[in-house]
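Architecture at a glance
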Amino acid sequence: MSADPESGSWRRYAKSAYGSLGALTRVGTRYLGLGVLVAGLLTALLPDVRQQMVRIQQAVLAEIYPLESEAFANASVQTSGQNVPSAGNTQGLASLNHVSLPLEIMRELGVSVGQVDALRSYIARKYRVAYDATGGVVATSFRVAHEKELDPLLLLAVIAIESRYNPLAESSVGAQGLMQVMTRVHRDKLDPFGGPSQALNPVVNINVGSTILSDCIRRRGSVQGGLACYVGATGPSDGGYGARVLAERRRLALAAGIPLVR
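The following paragraphs examine the structure supplied in this document. (Residues numbered from 1 in each chain as written. Predicted model: local features only at pLDDT ≥ 70, side-chain atom pairs only at ≥ 80, totals over all residues. Heavy atoms only, no water.)

We now examine helix 9 (residues 241-256). Under the 1.5 Å per step criterion, the end-to-end length of helix 9 is 23 Å for 16 residues, consistent within 8% with the ideal 22 Å. Along helix 9, the residues that are buried comprise Tyr241, Gly242, Val245, Leu246, Ala247, Glu248, Arg249, Leu252, Ala253 and Ala256. At its buried positions, helix 9 is contacted by helix 3 (113-127), helix 5 (152-163) and helix 8 (223-230). Backbone geometry just after helix 9 places Gly257 at a positive phi near 70 degrees. (Helix = DSSP H or I, 4+ residues; strand = E, 2+ residues; numbered from the N terminus. Expected span 1.5 Å × (residues − 1). Buried < 20%, exposed > 50% of the residue type's maximum accessible area, 1.4 Å probe, protein only. Contact = heavy atoms within 4.5 Å.)

Below is the structure:
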């Protein structure tokens, strides 16, 4: 009895399809295995890398910013001339004396511990800065602003726009630190604190930057004009810098529930 040609054709087709499916399955298995391996490696490595970067950031910030208590008032830094680090000190605030920020300053500025805490939380969340690290810059800004009769929220807004709270920020033209102080232009203001080498010290940087801003406001006769002066605008336009700073100042005030100082 002769074989059915049609049946043989189907068998050959089925065998060919089975072979193709087997080859496809083997290739798919290889790629799936490779994908699982890569996913496993990423899952294993990325959290460690991320956590390591966070630890590095926190270590740097912890070194240059003092840690303070939840009440905020017990961990600020004395900024009188005799307590500023000497030239060449690269340990940030480590050599400064920790003293209490007088509560009368907070009362005089009309802010509460809760408002300061809300301010710190906003800065930490928006600018991805460790919450503990925000205490030093907020405390210093409040104290320096009080000394120079400036709005502390204005200083914090300038810091936000200039450096996004990165104390190690440096521009292509040589502006450094939280308030992006031009060290070669303002060397005379840095000399009492140990010279240009101290420009990245956050306490020194805020002190010098606030002095420059205060001088600018006094010369130009207004906050808006002072901001234009601070950013180096010589013409009628500051490129929107003042508007950005004042907008961030309003956001800081809203987040903390602190009334703006006119």
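Membership of the largest hydrophobic core comes to 48 residues, with the highest contact counts inside it found for Leu119 and Tyr165. Within the residue set of this core, elements represented by two or more residues are helix 3, helix 4 (131-148), helix 5, helix 7 (202-220), helix 8 and helix 9. Filtering out sequence-adjacent residues up to four positions away, Leu119 remains in contact with Val138, Phe142, Leu153, Leu156, Leu252 and Ala256. (Core = buried A, V, L, I, M, F, W, Y, C linked by side-chain atoms within 4.5 Å.)

Now for the packing of helix 3 against helix 4. Contact pair helix 3 / helix 4: the axes reach a minimum separation of 9 Å and the direction vectors enclose 120 degrees. Considered as vectors, helix 3 and helix 4 are oriented oblique to each other. As for the relative orientation of helix 3 and helix 4, their crossing is right-handed in sense. Contacts from Val116, Asp117, Leu119, Arg120, Ser121, Ile123 and Ala124 of helix 3 reach helix 4 at Tyr131, Asp132, Thr134, Gly135, Val138 and Phe142. For the contact of helix 3 with helix 4, the per-class residue count stands at seven nonpolar, three polar and three charged. (Axes fitted to C-alpha atoms, helices over the stretch in contact; angles between N-to-C directions. Parallel < 35°, antiparallel > 145°, perpendicular 65-115°, else oblique. Left-handed = near helix turned anticlockwise from the far one by under 90°. Nonpolar A, V, L, I, M, F, W, Y, C, P; charged D, E, K, R; others polar.)

For the rest of this paragraph, the subject is the packing of helix 5 against helix 9. At a minimum axis distance of 8 Å, the contact between helix 5 and helix 9 shows a crossing angle of 120 degrees. The angle between helix 5 and helix 9 falls in the class oblique. Judged by the sense of rotation from one axis to the other, the crossing of helix 5 with helix 9 is right-handed. Contacts between helix 5 and helix 9 involve Leu153, Leu154, Leu156, Ala157, Val158, Ala160, Ile161 and Glu162 on the former and, on the latter, Tyr241, Arg244, Val245, Leu246, Glu248, Arg249, Leu252 and Ala253. Grouping the amino acids of the contact of helix 5 with helix 9 by side-chain chemistry returns twelve nonpolar, no polar and four charged.

Attention now moves to the state of the cysteines. By definition, a disulfide links two cysteine residues through a covalent bond between their sulfur atoms. Tallying each qualifying case throughout the model produces one disulfide. Covalent S-S linkage joins Cys216 and Cys229, the inter-sulfur distance amounting to 2.4 Å. As the torsion about the S-S bond is roughly -55 degrees, the Cys216-Cys229 disulfide counts as left-handed. Remark: Cys229 occurs in helix 8 and Cys216 occurs in helix 7; sequence separation between them is 13 residues. Comparing Cys216 with Cys229 shows no difference in burial state: the two are buried. (Disulfide = S-S within 2.5 Å.)

Here we come to the pattern of salt bridges. Under the counting rule described, the total for this entry stands at six salt bridges. Between Lys126 and Glu248 there is a salt bridge, and its shortest N-O distance comes to 2.7 Å. Here Glu248 lies in helix 9 and Lys126 lies in helix 3, a separation of 122 residues in the sequence. The class of Lys126 is partly exposed, set by a relative accessible area of 32%. On the accessibility criterion, Glu248 (0% relative accessible area) is buried. Here Arg187 ties to Asp191 by a salt bridge, and the two come within 3.9 Å at their closest N and O atoms. We classify Asp191 as partly exposed; its relative accessible area is 41%. Three or more residues joined by partner-sharing salt bridges are found here, namely Lys126, Glu248 and Arg251. (Salt bridge = Lys/Arg side-chain N within 4 Å of Asp/Glu carboxyl O.)

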